[in-house]
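Here are the chains, one letter per residue:
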Amino acid sequence: MSHTHSQPVVSHRAALALVQAALAKAEALGLAVAIAVVDRNGLLRGALTMDAAPLIAEQMCRAKANAALLGLASEQLANMLKDQLPQLVSFASWPGVSIMGGGLPVIIDGQVVGAIGVGGASTEQDIAIAEAALASLSQ
């Protein structure tokens, strides 16, 4: 007897929709950014680097998404750890993880199923672009 347990996932179509919505918001703001969508295991499901995006943006967006897999926005992690220097240094030194703003978890049915990261603009703009992408999923 086998039991199957279906968990929500970031499908390739959802990842594409997130990237497209983030792209549309970035273009509306006149910004050039990089966007990464990962699943709950950190597997890259969708990505785009816009023309003229800063070189480091491609790596940063993925690192921000990886941080958000913990279920909090990447900047929230930094705020939680700001008074705990050893933990902050430890977390910030993990390879492929960034606690700079711009990473947000993708939550479906109360479960973290993935994350989106945006990099290349100001922290506030990266966050706004990621938030716009997430808002598009609920429409």
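Above this note sits the structure.
In this report, the structure presented in the accompanying data block is examined. Numbering of residues begins from 1 in every chain and follows the order in which that chain's sequence is written. Restriction of local features to residues with pLDDT of at least 70 applies here, the model being predicted, together with a cutoff of 80 or more for giving and counting side-chain atom pairs; totals for whole chains, interfaces and linings are based on all residues. For the side-chain quantities, the full set of heavy atoms in the structure was used; hydrogens and water were omitted.

Comments concerning the overall build of the protein chain
Per the secondary structure count, the protein chain includes 5 helices and 4 strands. To sort residues, take the accessible area from a 1.4 Å probe on protein chains only and compare it with the maximum for the residue type: under 20% means buried, over 50% means exposed, and anything in between is partly exposed. Scored against the burial criterion, the 139 residues of the protein chain give a buried share of 40%. Long-range contacts, defined here as pairs at least 24 residues apart, represent 66% of the contacts in the protein chain between residues at least 6 apart. Note on areas: Shrake-Rupley with a 1.4 Å probe; residue coverage comes only from the protein chains shown. For the protein chain, the accessible surface area stands at approximately 7,700 Å², while carbon and sulfur atoms represent 56% of it. A run of DSSP states H or I qualifies as a helix once it reaches four residues; a run of E qualifies as a strand once it reaches two. Both are numbered from the N-terminal end. Note on contacts: a residue pair qualifies if any of its non-hydrogen atoms lie within 4.5 Å across the two residues.

Things to note about unusual backbone geometry
A positive phi angle is found at A52, which is not glycine, with a value near 75°. Residue classification places A52 among the exposed positions, given a relative accessible area of 74%.

Some remarks on the nonpolar core
For the purposes of this section, nonpolar cores are sets of buried Ala, Val, Leu, Ile, Met, Phe, Trp, Tyr and Cys residues that join through side-chain atoms within 4.5 Å. Within the largest apolar cluster, 21 residues are counted, with the highest numbers of intra-cluster contacts made by V33, I35, V37, I116 and I129. Put simply, the parts of the chain that give this core at least two residues each are α1 (12–29), β1 (34–39), β3 (103–108), β4 (111–119) and α5 (123–137). Ranked by residue count, the leading element in this core is α1, at 6 residues. Apart from the residues within four sequence positions on either side, I35 is in contact with V19, A22, L23, G46, A47, L48, C61, I116, G117 and V118.

Regarding the sheet that holds strand β2 (residues 44–49)
Strand order in the open sheet formed by 4 strands is β2-β1-β4-β3, with antiparallel pairing between adjacent strands. Looking at which strands have only one partner, the edges of the open sheet turn out to be β2 and β3. Strand-to-strand, the axes of this sheet are offset by a mean angle of 15°, without reference to chain direction. Any two strands between which DSSP finds at least two bridges are classified as paired. Where β1 and β4 come together, 6 bridges link them in antiparallel fashion. Residue pairing for β4: D39 is matched across the bridge by G114. Inter-axis angles, ranging from 0 to 180 degrees, are taken between N-to-C directions of lines fitted to C-alpha atoms, where helices are fitted over the stretch in contact. Its contacts with the sheet place helix α2 (residues 57–68) against β1, β2, β3 and β4, and it is angled at close to 155° to β4.

Considerations on α1
Here α1 spans 26 Å end to end across 18 residues, near enough to the 26 Å set by a 1.5 Å rise per residue. Every buried residue of α1 is accounted for by A15, L18, V19, A21, A22 and A26. Across the axial projection of α1, the buried residues extend over an arc of 165°, all falling on one side. When the buried face of α1 is taken as reference, the exposed residues oriented beyond 90 degrees from it are R13, E27 and A28. Working rule for helices: expected span equals 1.5 Å times residues minus one. Working definition: the arc comes from the directions between the helix axis and the C-beta atoms, pointing outward to the latter.

Digging into the pattern of salt bridges
For this analysis, a salt bridge means a side-chain nitrogen from Lys or Arg found within 4 Å of a carboxyl oxygen belonging to Asp or Glu. Across all of its chains, the model carries 1 salt bridge by this definition. Salt-bridge contacts for K64 lead to D126; the nearest nitrogen and oxygen are separated by 2.9 Å. Here K64, found in helix α2, pairs with D126, found in helix α5; they are 62 residues apart in sequence, far enough to count as distant. You can call D126 buried: its relative accessible area is 2%.

Focus on the pairing of β3
Each regular strand shows side chains that alternate between the opposite faces of the sheet. Across 6 bridges, β3 lies against β4 in antiparallel orientation. Opposite I108, over in β4, you have Q111 as the bridge partner. Between β3 and β4, which pair antiparallel and follow one another directly, the connecting turn spans 2 residues, one of which, D109, has a positive phi of 55°.

By themselves, these are just geometric observations and shouldn't be taken as functional.
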